[in-house]
Amino acid sequence: MTANKDEISLDRRRALGLLVGSASVAAVLVGCGGSSGSSSSTNLTDDSDNSTSAGTDTGLADSTDCPSKIPEETEGPYPTASSNVMVRQDITESETGVPLEVQLKIVNINDNCSAVTSAEVHIWHCDKDGNYSGYETANSNTTYLRGSQYTGSDGIATFRTIYPGWYTGRITHIHFQVNVNGTEKATSQLAFPQDVTQDVYNSSLYSDKGQNTSVTSFSRDNVFSDGTSLQMLDISGSVDEGYVGTLTVGISL
């Protein structure tokens, strides 16, 4: 289903005033879902910490990048109702796919891009076959590939998930939203380098769906056609070992 920028204007999801404590996180691996309907009613859980993962040194915490404000994009047809947002770092649940760690550093562009602490970062995306949890009869009570984290003193929120698949009308992407003190400050989407995406979709885990024949370039995508420079993840890793994707996200406070 194509999610046009002006097609769906659902209520913005507000932050849940829940601060996350530290806990260990399991490893990632992910596989199936649904598409379109009303959201589920599972409530908050917490299985995470809000700091950059140990052993993963991407340099993001020490980065001095000062980007422009992140472009505002549609939250799409499959957002999570605020009452159902789960605070957790590992969002894979039982899904299978190439492991992906997402690290987002939230900075205030009105204060020399200083790190924003205690911001809620919420992400959601489709599984390797292009389906979302929480929608359609088969998936109405599922919650995979959705979750929130609060940024630490370094401004970073880290998620463990899988590399997303694709669905008709859209190029590969992850939805995310940033809330500060209960107020939405950004709703946008993350883009992926095409060469990495092609390698992932050539792998056996994604062979059933294969390459995206629906949207073959960013210029043909209805969200990223105006550019991806502020939304493109910096990706490192491999299909065999998994990937780490990082991005500094500028917001205005």
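Look a little higher up for the structure.
Model, not experiment: these values are computed from the prediction.

A. Looking closely at the environment of valine 116. Along the polypeptide, valine 116 turns up in the loop between β2 (114-115) and β3 (120-124). Once the C-alpha coordinates of valine 116 and aspartate 154 are considered, the two residues, 38 residues apart in sequence, prove to be 7.6 Å apart.

B. Inspection of the sheet that holds β3 at higher detail. The four strands lie next to each other as β4-β3-β6-β7, forming an open sheet whose pairing is antiparallel. Edge positions in the sheet fall to β4 (146-150) and β7 (183-191), since each of these pairs with one other strand and no more. For this sheet the average axis-to-axis angle between neighbouring strands, irrespective of direction, equals 20°. Of the strand pairs in this sheet, strand β6 (residues 173-180) and β7 are connected by eight bridges, and their pairing is antiparallel. Bridged to isoleucine 174 within β7 is leucine 190.

C. Representation of the packing of aromatic side chains in the model. In the structure shown here, the tally under the stated rule is eight aromatic pairs. Taking the centre distance of 4.8 Å and the plane angle of 55° together, the rings of tyrosine 163 and phenylalanine 192 count as tilted. On the criterion of sequence distance, the pair formed by tyrosine 163 in the loop between β5 (156-162) and β6 and phenylalanine 192 in the loop between β7 and α2 (194-201) is long-range, its members being 29 residues apart. By the burial criterion, tyrosine 163 is buried, and phenylalanine 192 matches it. Each ring, one from tyrosine 163 and one from tyrosine 201, has its centre 6.4 Å from the other, and the planes form 90°; the classification is edge-to-face. One end of the pair, tyrosine 163, is in the loop between β5 and β6; the other, tyrosine 201, is in helix α2, and 38 residues separate them in sequence. Assessed through its relative accessible area of 0%, tyrosine 163 is described here as buried. Taken together, the ring pairs in this structure connect Tyr163, Phe192, Tyr201, Tyr206 and Tyr243 into an aromatic cluster. The ring of tryptophan 166 carries the charged tip of lysine 209 above its face, separated from the ring centre by 4.6 Å.

D. View of unusual backbone geometry. Look at cysteine 113: it is not a glycine, yet its phi comes out positive at around 55°. Accessibility expressed as a relative area gives 10% for cysteine 113, which makes it buried. Even without a glycine there, the phi angle at asparagine 181 is positive, about 50°. Among the structural elements, asparagine 181 can be located in the loop between β6 and β7. Asparagine 181 gets classed as exposed once you look at its relative accessible area, which sits at 76%.

E. How the structure looks around the state of the cysteines. According to the stated counting rule, one finds one disulfide in the structure shown. Bridging cysteine 66 to cysteine 113, the disulfide has an S-S length of 2.0 Å. Here the S-S torsion is close to 80°, and the disulfide linking cysteine 66 with cysteine 113 is therefore right-handed. Of the two residues, cysteine 66 is situated in the segment before β1 (99-108) and cysteine 113 in the loop between β1 and β2; the sequence distance between them amounts to 47 residues.

F. Quick peek at the side chain of glutamine 89. Residue position: glutamine 89 is located in the segment before β1. Overall, glutamine 89 belongs to the buried group, its relative accessible area being 1%. Within polar-contact distance, the side chain of glutamine 89 engages the backbone oxygen of threonine 158 at 3.4 Å.

G. Just the side chain of histidine 173, in detail. Note that histidine 173 resides in strand β6. At 3.2 Å, the side chain of histidine 173 forms a polar contact with the side chain of tyrosine 167. There is a polar contact of 3.2 Å between the side chain of histidine 173 and the side chain of histidine 175. Discounting residues that sit within four places of it in the chain, histidine 173 has contacts with His125, Tyr132, Pro164, Tyr167, Gln189, Leu190, Phe192 and Phe224.

H. Summary view of the pattern of salt bridges. Following the criterion strictly, the structure yields four salt bridges and no others. Among the salt bridges present, the one from arginine 88 reaches glutamate 93, with a minimum N-O distance of 2.9 Å. Taking relative accessible area as the criterion, glutamate 93 reaches 38% and is therefore assigned partly exposed.

Thresholds, definitions, all that
- Residues numbered from 1 in each chain as written.
- Predicted model: local features only at pLDDT ≥ 70, side-chain atom pairs only at ≥ 80, totals over all residues.
- Heavy atoms only, no water.
- Helix = DSSP H or I, 4+ residues; strand = E, 2+ residues; numbered from the N terminus.
- Pairing = 2+ DSSP bridges.
- Axes fitted to C-alpha atoms, helices over the stretch in contact; angles between N-to-C directions.
- Phe/Tyr/Trp six-rings, centres within 6.5 Å; stacked < 30°, edge-to-face > 60°.
- Buried < 20%, exposed > 50% of the residue type's maximum accessible area, 1.4 Å probe, protein only.
- Lys NZ or Arg CZ within 6 Å of the ring centre and 35° of its normal.
- Disulfide = S-S within 2.5 Å.
- Polar contact = N/O pair within 3.5 Å; in protein donor to acceptor, adjacent residues only side chain to side chain.
- Contact = heavy atoms within 4.5 Å.
- Salt bridge = Lys/Arg side-chain N within 4 Å of Asp/Glu carboxyl O.

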